[in-house]
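Tertiary structure, described
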Number of protein chains: 2
Amino acid sequence: MEIKVLKDILSANEQLAERNRQLLDSKGVFAVNLMSSPGAGKTSLILETIRRLKGKTRIGVIEGDVSSSLDAETVGKESVPVIQINTGGECHLDANMIENALNNLPLQDIELLFIENVGNLICPAEFALGEHKKVLVSSIPEGDDKPFKYPLMFHEADVVLINKIDLLPYLKFDTQAFSRAIKGINERVEILPISCTTGQGIQEWVSWLLNQMSRR
Amino acid sequence: MEIKVLKDILSANEQLAERNRQLLDSKGVFAVNLMSSPGAGKTSLILETIRRLKGKTRIGVIEGDVSSSLDAETVGKESVPVIQINTGGECHLDANMIENALNNLPLQDIELLFIENVGNLICPAEFALGEHKKVLVSSIPEGDDKPFKYPLMFHEADVVLINKIDLLPYLKFDTQAFSRAIKGINERVEILPISCTTGQGIQEWVSWLLNQMSRR
């Protein structure tokens, strides 16, 4: 019963996601679904990216959280259009929530849309939103065993950003073993080490992003 | 429809959890449900606790993960009974999974049972397992805003362990603001700063645990 309902929900979600993608395409908006564990650095990454692309690319943001509007308030200070979704108890965003948000964003003024998903390494990987690319932010303090424990998320990602590499000296984390484990699950994925604190790797990330946008 | 099904599932889960608790009580087993984000340090905490209580308290462990048996292999090296649950895609343990695991553990040889939940700050808070206490491990690198974003988890916890405090010098984290936010959600909760790397606070945690066991 539970499984049947879940299948129905996922199938309905796919259809809505496809409709979202068509809307985004018709408006020329490139959408990125940002996923990670709680506190891996999604919001910091969005802030860094907005600052690097200021005056060059028009950015909009959808913030997803179970509760609170902290992230939308933080991002809103950068003078970009932002909408906060509160899921209540739901542990992921879905295409229906995104449709509502898209209807309330000035899409004609947006070239690049960040959708910050709920902090969770499991269910967000199952729900398409209509995004063009899926970005997984995985941070050093979480440990290098995460691909084995959360394989679907690593399988679905188009790029994995290894965040907080400035903490490498203080933690046991084998970057090579981590990258090997990811490639074992997802051969085509790009892996970029970054630090939103020191700025290391952010330029490579922004280049990757602009390259994806130009290829569309 | 989705909500109705969820209510039915949660209600059935409560009944199973109550049965698990009765079984645990009849065998004199004190069970702890350990919850956290991915990589916050649940397994390290279990290992540290086993080492501190060696020869004093007989411990058993249930390891919950979406995939892999890495944690059960690690814990098994400490020569305690351990069972790995793989949830497949499910983002939390439930009482039914625990019932199966209990039937395969030597409960007569266990006084303290750790149930390591799936790394996730959302859904595990909704599913009772039959545990006597809920422990939330929240680590410094996740940031001090987590209580606002994941209020149910902080509301349900009997104790919050602030883990990885050895990383405090390298991160922006306001321990007082964090504690205040937690107390705003959950007045009765205990808050203990710890580090599984340096051992700081582990004695206080073990004392809390033994105190809870003795009070039963």
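It should be noted that the structure appears before, not after, this text.
Read on for an overview of the structure. The structure presented is a predicted model; accordingly, all values stated were derived computationally and were not measured.

Moving on to the overall build of chain A. Within chain A one finds eight helices and seven strands. Radius of gyration (C-alpha) of chain A: 17 Å, near the 17 Å computed for a compact globule of 216 residues. When its C-alpha atoms are laid out on the principal axes, chain A stretches across 50 × 45 × 35 Å. Relative to its 216 residues, chain A shows a buried fraction of 59%. Restricting the contact set of chain A to residue pairs at least 6 apart, pairs at least 24 apart contribute 73%. For chain A, the accessible surface area stands at approximately 8900 Å², while carbon and sulfur atoms represent 49% of it.

Moving on to the interface of chain B and chain A. Of the residues lining the interface, 35 residues belong to chain B; the matching set on chain A comes to 36 residues. If you sort the residues of chain B by the area they bury against chain A, B:Pro38, B:Ile122 and B:Lys149 come out on top, with a joint share of 21%. Counting across the chain B and chain A interface gives two salt bridges. If you look at where chain B meets chain A, you find six residue pairs in polar contact (both at pLDDT 80 or more). Going through the elements one at a time, helix H1 (2–27), helix H3 (70–76) and helix H5 (146–149) of chain B are the ones with two or more residues in the side of chain B that touches chain A.

With that out of the way, let us pick up the pattern of salt bridges. For the structure on display, the rule yields 26 salt bridges over all chains. One salt bridge in this structure joins A:Lys134 and A:Glu131, with 2.7 Å as the shortest N-O distance. Of the residues examined, A:Lys134 reaches a relative accessible area of 11% and is grouped as buried. Among the salt bridges present, the one from B:Arg51 reaches B:Glu48, with a minimum N-O distance of 3.6 Å. Residue B:Arg51 and its partner B:Glu48 are both found in helix H2 (residues 42–53); the two are separated by three residues, about one turn of the helix. Under the relative-accessibility criterion, B:Arg51 is labelled partly exposed at 45%.

Residue and element names in this part refer to chain B. Counting buried residues in strand S1 (residues 30–36) gives seven out of seven residues, a clear majority hidden from the surface. Of the two faces of S1, the one lined by Phe30, Val32, Leu34 and Ser36 and the one lined by Ala31, Asn33 and Met35 are each fully buried. Sheet topology note: the S1/strand S4 (residues 112–116) ladder contains five bridges and is parallel. Within S4, the residue paired with Ala31 across the bridge is Leu113. Of the strand pairs in this sheet, S1 and strand S5 (residues 133–139) are connected by five bridges, and their pairing is parallel.

A separate point is the sheet that holds strand S2 (residues 59–65) of chain A. Residues and elements named next belong to chain A. Reading across from one edge, S3-S2-S4-S1-S5-S6-S7 is the order of the seven strands in this open sheet, with parallel pairing throughout. Each edge of the open sheet is held by one strand with a lone partner, namely strand S3 (82–86) and strand S7 (190–193). When the angles between neighbouring strand axes are averaged without regard to direction, this sheet yields 20°. Bridge count for strand S5 (residues 133–139) against strand S6 (residues 159–163) is five bridges, and the pairing is parallel. Of the residues in S6, the one forming a bridge with Ser138 is Ile162.

Quick notes on the rules
Residues numbered from 1 in each chain as written. Chains lettered and ligands numbered in written order. Predicted model: local features only at pLDDT ≥ 70, side-chain atom pairs only at ≥ 80, totals over all residues. Heavy atoms only, no water. Helix = DSSP H or I, 4+ residues; strand = E, 2+ residues; numbered from the N terminus. Rg over C-alpha atoms; globule rule 2.2 N^0.38 Å. Buried < 20%, exposed > 50% of the residue type's maximum accessible area, 1.4 Å probe, protein only. Contact = heavy atoms within 4.5 Å. Areas by Shrake-Rupley, 256 points an atom, 1.4 Å probe, with all protein chains shown as cover. Buried area = accessible area lost by both parts, 1.4 Å probe. Salt bridge = Lys/Arg side-chain N within 4 Å of Asp/Glu carboxyl O. Polar contact = N/O pair within 3.5 Å; in protein donor to acceptor, adjacent residues only side chain to side chain. Pairing = 2+ DSSP bridges. Axes fitted to C-alpha atoms, helices over the stretch in contact; angles between N-to-C directions.

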